Amino acid sequence: MKNIVIGRYIPGDSFLYRMDPRVKLIALFILFVAVFVIDELLVMGLALLGILVLLPLGKISLKKVYFGLRPLLFLLIFTFVFQILFNTQGRLLGTLRLTFDPLNVALSVGIFAAWLFLKRFTSFTFISFLVMVAGVLTLLSQLTLLASFGSFTIAIYEEGLLFAIFILLRLVIIVTLSTILTITTKPTDLNLGLERVLKPLKIIRVNTEEIAMIIGISLRYIPTLLDEANKIILAQASRGVDFQEGKIKDKVVQIISLLVPMFIISFQRSDELANAMEARCFVPGKPRTRLNQLTWKPLDTAVLVVTLTLMIVSIGVRILW
Amino acid sequence: MPLIELQDVSFSYGKTPAIDQLSLTVEAGEWVTIVGPNGSGKSTLAKLLIGLLKTQQGTIQVAGETLDETTVQGIREKIGIIFQNPDNQFVGVTVKDDIAFGLENLSVPYEEMLKRIDHYSKAVGMDAYLDKEPSQLSGGQKQRVAIAGTLAMKPELIIFDEATSMLDPTGRQAMLEIMHALKASGKTILSITHDLKEALPADRVLVMHEGRLLKSGTPRDILRDEPLLKKARLTLLEPFKYMNQLAKKKQLTDEWEALLWQSAFTL
């Protein structure tokens, strides 16, 4: 459990890594605005192209971005399919008539079950999923040997398809941008940047320094607590608790045998930590100087100028197009 | 004027008193070791001194100032404390951040902070580890970082509250060497322990039992006092056992005594 990585930070060196975390956060926000302002598929395509150019410049491989997108893949697909199925405006592009009879339904269920079983043996879960869906659709549309007991027609309209692609591109761009941020910024720097960016909230009495302190301590103690959890798992295992197997009822007992000591230890820890912090003259809310200084570089100004220009351009395009 | 002066201080968590009408003084520049078994009130005493707990009776004076709510911050700047568990006092994400934590709290300017981090990390031999995270350090290294963090705040008194009890022998030895260096540089040391070996290098040893002070004296007096240590549920170190046996037979020469005394340090 040593050297555990929190977040998705991957060490590297490029201008994306050297940027001030404050600028990264502000630039991300500006680009989000720009992406939401865009309402033309062509412009959105250009934005995606821009990101595809940015990635090699910032020395970030597509694979790393894919890992960022992966948890959201099914959400993206769902949005895409939903748009295609239910948006019925524009020219009709084509239809797919699905008929259901006992044989092809049974075969479809069989293919789905086979995919469920086989997916653990392949690392291409997503691609195999697409193949499985295509197989089922072909079966249902082409093979009708027995008497059918129902049918469903999928109609794809031009506007529906274009809008579905548009939404998909927008989501992919947003997720990719955030992934770039988390890949290139250490959690502690991100925390520091957030603290500074949100400083104006002091006016409405939000103590950003305190929030940042809380996040900072959490980041500091996650590896320690994971270590502790590991020790407890080993200690309980040596007393006969089997964390690997068992029914749901047994799982509950296993988790309780881990959680109760974890809770007690965490509270003891936080008590001792609070003492140590107070002993070193920490007073919540009191002004402090900071060791971690952020320096504004010419690069940061350039990035801000570029992103602001992009935002203005996208607003201009929307108004004038 | 003594640096620390306690007068009839009492404190209890429930019904049984943890500190019972305790009076003691610590002079500036002195190395005082407080020994006592678990539950004798020695850790409570440390928490009272830095104002983490409030006295229920009696007064505590630090450098002439009476400890209360208005003076507690000022007094905490004068007293540094190293706690027992190395993990639970490491606030920063890296060694550098942790040494800086106290300095940030004292609003020390940035350049001065860098200077002090550099100086005190060298003083405890952790200057090569400034960017390391706590999970990459041993317990002894973490304790040394804690000492650097405390020293950087330039306290007059440093309390070691069982600070070596969770360390391996090498870590413990390194800590003792740092304590010697501190003593030599004129700092006042208050070491709280149940390990009698840590009483050997002290100027004065206080024996605590059930919240009271049993005896105060030089290590030479205390460490040979078998009935006293028995009452405080502490076991005599081997060399002092031999010393007492020789003395009983009237065979304890100065030479033997010096030799046995020396051997106690190598335990």
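Worth saying up front: this structure is predicted, and the values here are computed from it rather than measured.

**So, empty space enclosed by the protein**
Reasoning step 1: Here the structure, examined in full by the defined rule, presents two cavities of 30 Å³ or more.
Reasoning step 2: Taken as a whole, the largest cavity spans an internal volume of roughly 50 Å³.
Reasoning step 3: Around the largest cavity, the lining residues are Ala-279 and Arg-280 of chain A together with Arg-76, Glu-77, Ile-79, Gly-80, Ile-81, Thr-150, Met-153 and Pro-155 of chain B.
Reasoning step 4: It is strand β6 (residues 79–82) of chain B that provides the largest number of residues to the lining of the largest cavity, a total of three residues.
Reasoning step 5: The calculated volume of the second largest cavity comes to roughly 40 Å³.
Reasoning step 6: Only α11 (248–279) of chain A together with α5 (139–151) of chain B provide two or more residues apiece to the lining of the second largest cavity.
Reasoning step 7: Across the lining of the second largest cavity, the residue classes break down as five nonpolar, two polar and one charged.

**So, the sheet that holds strand β5 (residues 65–66) of chain B**
Residue and element names in this part refer to chain B.
Reasoning step 1: With antiparallel pairing, four strands are arranged side by side in an open sheet as β2-β1-β4-β5. Single-partner strands in this sheet number two, and they are β2 (17–26) and β5.
Reasoning step 2: Examined bridge by bridge, strand β4 (residues 57–62) and β5 share two bridges and lie antiparallel to one another. Bridging from a neighbouring strand, Val-62 pairs with Glu-65 of β5.

**What to know about the layout of surface pockets**
Unfilled space is identified by rolling a water-sized probe across the atoms.
Residues and elements named next belong to chain A.
Reasoning step 1: Computed from the structure, the second largest pocket encloses a volume of approximately 830 Å³.
Reasoning step 2: Along the walls of the second largest pocket sit 33 residues, with Leu-31, Leu-54, Leu-177, Thr-307 and Leu-310 positioned nearest its centre.
Reasoning step 3: Of all elements in the fold, only α1 (15–18), α2 (21–37), α3 (41–57), α8 (158–184) and α12 (298–320) reach the threshold of two or more residues within the lining of the second largest pocket.
Reasoning step 4: Considering every element that reaches the lining of the second largest pocket, the biggest residue donor is α12, with nine residues.
Reasoning step 5: Residues belonging to the lining of the second largest pocket are distributed by class as follows: 28 nonpolar, four polar and one charged.

**A closer look at the interface of chain B and chain A**
Reasoning step 1: Counting residues at the interface gives 39 residues for chain B, matched by 29 residues for chain A.
Reasoning step 2: Contact between chain B and chain A buries roughly 2900 Å² in total, counting both sides, with carbon and sulfur atoms accounting for 53%.
Reasoning step 3: Of all residues in chain B, the largest losses of buried area upon contact with chain A belong to Asn-88, Glu-104 and Asn-105 of chain B, amounting jointly to 22% of the total for that side.
Reasoning step 4: Where chain B packs against chain A, one counts five salt bridges.
Reasoning step 5: If you list the elements that add at least two residues to the side of chain B that touches chain A, you get α2 (72–78), β6, α3 (95–105) and α4 (110–123) of chain B.
Reasoning step 6: The dominant element in the side of chain B that touches chain A, judged by the number of residues it contributes, is α3 of chain B, at 10 residues.

**Quick look at a nonpolar patch on the surface**
Residues and elements named next belong to chain A.
Reasoning step 1: Nonpolar side chains collect at one region of the surface, where Ile-248, Val-252, Ile-255, Ile-256, Leu-259, Val-260, Phe-263, Ile-264 and Phe-267 lie side by side and expose about 910 Å² of accessible area between them.
Reasoning step 2: Relative to the helices and strands, Val-260 resides in helix α11.
Reasoning step 3: Of the residues examined, Val-260 reaches a relative accessible area of 44% and is grouped as partly exposed.

**Topic: the domain arrangement of chain B**
One frequently used descriptor of interface size is the decrease in accessible area upon assembly of the parts.
Residues and elements named next belong to chain B.
Reasoning step 1: Each domain of chain B was delimited in the assignment, giving domain 1 (4–236) and domain 2 (237–267).
Reasoning step 2: The C-alpha-based centres of domain 1 and domain 2 are spaced at 30 Å.
Reasoning step 3: Every contact between the two is made by 11 residues of domain 1 and, on the other side, 13 residues of domain 2.
Reasoning step 4: For domain 1, the biggest contributors to the area lost against domain 2 are Leu-200, Arg-224 and Leu-236; these three give 58% of the whole.
Reasoning step 5: Put simply, domain 1 and domain 2 have two salt bridges between them.
Reasoning step 6: In this structure, Glu-257 and Arg-224 form a salt bridge, with 3.7 Å as the shortest nitrogen-oxygen distance.
Reasoning step 7: Where domain 1 meets domain 2, there are two residue pairs in polar contact (both at pLDDT 80 or more).

Definitions and cut-offs
Residues numbered from 1 in each chain as written. Chains lettered and ligands numbered in written order. Predicted model: local features only at pLDDT ≥ 70, side-chain atom pairs only at ≥ 80, totals over all residues. Heavy atoms only, no water. 1 Å grid on protein atoms, 1.4 Å probe; cavity = no way out; pocket = protein on both sides within 12 Å on 5 of 7 lines; lining within 4 Å. Points joined across faces, edges and corners; volume = space filled by probe spheres on them. Helix = DSSP H or I, 4+ residues; strand = E, 2+ residues; numbered from the N terminus. Nonpolar A, V, L, I, M, F, W, Y, C, P; charged D, E, K, R; others polar. Pairing = 2+ DSSP bridges. Contact = heavy atoms within 4.5 Å. Buried area = accessible area lost by both parts, 1.4 Å probe. Salt bridge = Lys/Arg side-chain N within 4 Å of Asp/Glu carboxyl O. Patch = residues over 30% accessible without salt bridge, like charges linked within 9 Å, V, L, I, M, F, W, Y side chains within 5 Å. Areas by Shrake-Rupley, 256 points an atom, 1.4 Å probe, with all protein chains shown as cover. Buried < 20%, exposed > 50% of the residue type's maximum accessible area, 1.4 Å probe, protein only. Domains from an automatic or database assignment. Polar contact = N/O pair within 3.5 Å; in protein donor to acceptor, adjacent residues only side chain to side chain.

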